[in-house]
Amino acid sequence: MKKVLEGSHAVAEAVRLAKVQVISAYPITPQTHIVEILSDYVTTGKMDAKYLRVESEHSCMAALIGAQSSGVRTFTATSSQGLALMHELLHWASGARLPIVMAEVNRALAPGWNIWNDQTDSLAQRDTGWMQLYCEDGQEVLDTTIQAYRLAEIVNLPAMVVLDAFYLSHTYEPVDVPDQDEVDRFLPTYEPAFILDTKHPYSLSPLVTPNAYMEMRYDIAMAMDDALEQFDRVEDEFAKIFDRRYGAVEAIDCEGADIVFVTSGTVTSTGRLLLEELRPRGEKVGVLKIKLFRPFPVEAVRRALGKAKKVVVIDRNFSFGASGIFAQEVRAAICNVPGHPPVFGYIAGLGGRDITVKLLEEIYFDVKGSSAPRKESIWVGLQEVNRAT
Amino acid sequence: MLEIRFHGRGGQGTVVATILLSKAFFQAGYQVQSFPFFGVERRGAPVEAYLRLDAKKILLRTNVTAPDHVVVQDQTLLQSIDVTRGLKPGGWILLNSPEDAADPGRFRGFKLACVDATRIALKHQLGTRTHPIVNTAMMGAFARMLGTPPMEAVCNAIREEVPSEPDANIAAAREAYEEVILIGEIL
């Protein structure tokens, strides 16, 4: 049934429909409505789950690792500083091969204290062994959260569903909320690969010496590779029931495009509007939406970008001393393709500044008029900064 | 696409008004999007919230800077805020004010509508005597001003979403719908 829902509420509905059994959260800024709604569901009996209010995000993830190890489906949500505090435990969750699902609302890192949209918080966790799925609208947020459980439980790796602060988390729009029996058909009861069992006691995550550690890491690497294929299968199964499919990437008008924009999150919607603006004027421009960031869909990115003359990456994030993070990944993906196009990296919208169609249009004509990138990263929309000398 | 900006103060139900109207418009067949000013909320402080309406899926996800219409839930805001900021020429301004207390001269080039939503809210005992909750009355006046959404959709949204006193809120919306004075273009 279609309802007008906030993005945060769409996540909560998906968690309810996934019949999550343990929710743990630290409810303070920069937390969002997601866990507020879930706490209401648990209190009112709308969900049959245990809700653990913990004293920090570090404890939150520790609690979920314990719960998931005992064989139940778990969930939490966090954001920016909260995710940063969780960092150590993110490694423990993936290393223990626990299919925990977390909603991560992309908010800027402090200081300056800023609760607005910025992707650096989640992208800084790219090496923790968590899958990362970036969403474009409220429907995709709901669908992806349900899909994330299916995928995570197949490959035994945790998954992060990532949504833009405010542009998604606080925005109401129509979202189709599926029936419970449809979701049950798609998402079977969780059957853990291993559980802590007092009747058959053993240790998890013990000391691992050099003779086994590397193999354990390789096993995670293989599971990540497998997740790329499994993601397509999960989407196929999902589409059969719900008639919706997103793809690890979506190539929008990329066929025959001279310039292709690479986008993620809600900037993709702005990119769609850019195409509506420019294509009728004869501009050969396309957009490549990246949904799946970990595992990174290298082959799909190569296919979509291989024939473009120029690639533009819009990054609402930055790795100091390097460049925009999506731009790094795109460069790495295509660098071994002979004759690959140059990659123009643009930094925009940090800390919640709007990325408008007009801004993307200015970038388009800047790139069209340049034979090669002037710099690794061009920051757009900057006001003049007076630097202390 | 239509873009509407709502001004109010924290605690007056400004954000809720945009959510309820978005639900009413959706019920009436529109594609909708509503969101608060992206920031922090404080009781009594100026608040903004936004509503977008279109026939097709709304892809735009930026702040509203050039609204087609504006709703002002608290006329004391006029002393500190330019509610016409970015407002398109000829756009409606719906003001919570008795008609004789409004100063039309400051709204030249726009269309003005007045409704005494505070009196209506007090009459229906919505909120407290010092902090009446005017949002549902403003919704009724809004529906009359634009000729949409249908009052039935407004009443349904209130009945489904307002946790307390749905009947009094609906009565306030209906009364404001009847009482709003559409002064029209200020020359």
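Residues numbered from 1 in each chain as written. Chains lettered and ligands numbered in written order. Predicted model: local features only at pLDDT ≥ 70, side-chain atom pairs only at ≥ 80, totals over all residues.

1. Details of the interface of chain A and chain B
Often the size quoted for an interface is simply the accessible area lost on bringing the parts together.
And then number 1: Listed by partner, the interface residues are 17 residues for chain A and 17 residues for chain B.
And then number 2: Of all elements in the fold, only strand 8 (172-176) and helix 9 (267-278) of chain A reach the threshold of two or more residues within the side of chain A that touches chain B.
And then number 3: It is helix 9 of chain A that provides the largest number of residues to the side of chain A that touches chain B, a total of four residues. (Contact = placed C-beta atoms within 7 Å. Helix = DSSP H or I, 4+ residues; strand = E, 2+ residues; numbered from the N terminus.)

2. Focus: the environment of A:Ala93
Residues and elements named next belong to chain A.
And then number 1: Inspection of the secondary structure puts Ala93 in helix 4 (residues 80-95).
And then number 2: Its 25 C-beta neighbours within 10 Å are what place Ala93 among the buried residues.
And then number 3: In this structure, the C-alpha to C-alpha distance between Ala93 and Trp130, residues 37 residues apart in sequence, is 8.4 Å.
And then number 4: Excluding residues within four positions of it along the chain, Ala93 makes contact with Met61, Ile65, Leu98, Ile100 and Pro158. (Buried ≥ 20, exposed ≤ 12 C-beta atoms within 10 Å, placed from the backbone.)

3. Focus: the pairing of strand 11 (residues 285-290) of chain A
Residue and element names in this part refer to chain A.
And then number 1: Burial within strand 11 is extensive, with six of its six residues counted as buried.
And then number 2: Burial along strand 11 is two-sided: the face carrying Val285, Val287 and Lys289 and the face carrying Gly286, Leu288 and Ile290 are both buried.
And then number 3: Relative to strand 11, strand 10 (residues 259-263) is paired through five bridges, and the arrangement is parallel. Its bridge partner being in strand 11, Val262 is matched across the sheet by Leu288.
And then number 4: Considered for its hand, the β-α-β crossover made up of strand 10, helix 9 and strand 11 is right-handed. (Pairing = 2+ DSSP bridges. Right-handed = clockwise from strand over helix to strand, strands pointing away.)

4. A short note on the packing of helix 6 (residues 138-155) of chain A against helix 8 (residues 210-242) of chain A
Each pair of packed helices can be described by the angle between their axes along with the distance between the axes.
All names here are of chain A.
And then number 1: Across the interface, helix 6 lies against helix 8 with an axial gap of 9 Å and an inter-helix angle of 135°. Between helix 6 and helix 8, the crossing angle belongs to the class labelled oblique. Crossing handedness for the pair helix 6 and helix 8: right-handed. For the pair helix 6 and helix 8, the contacting residues are Asp143, Gln147, Arg150, Leu151, Ile154 and Val155 in the first and Ala223, Asp226, Ala227, Gln230, Phe231, Val234, Glu235, Phe238 and Phe242 in the second. (Axes fitted to C-alpha atoms, helices over the stretch in contact; angles between N-to-C directions. Parallel < 35°, antiparallel > 145°, perpendicular 65-115°, else oblique. Left-handed = near helix turned anticlockwise from the far one by under 90°.)

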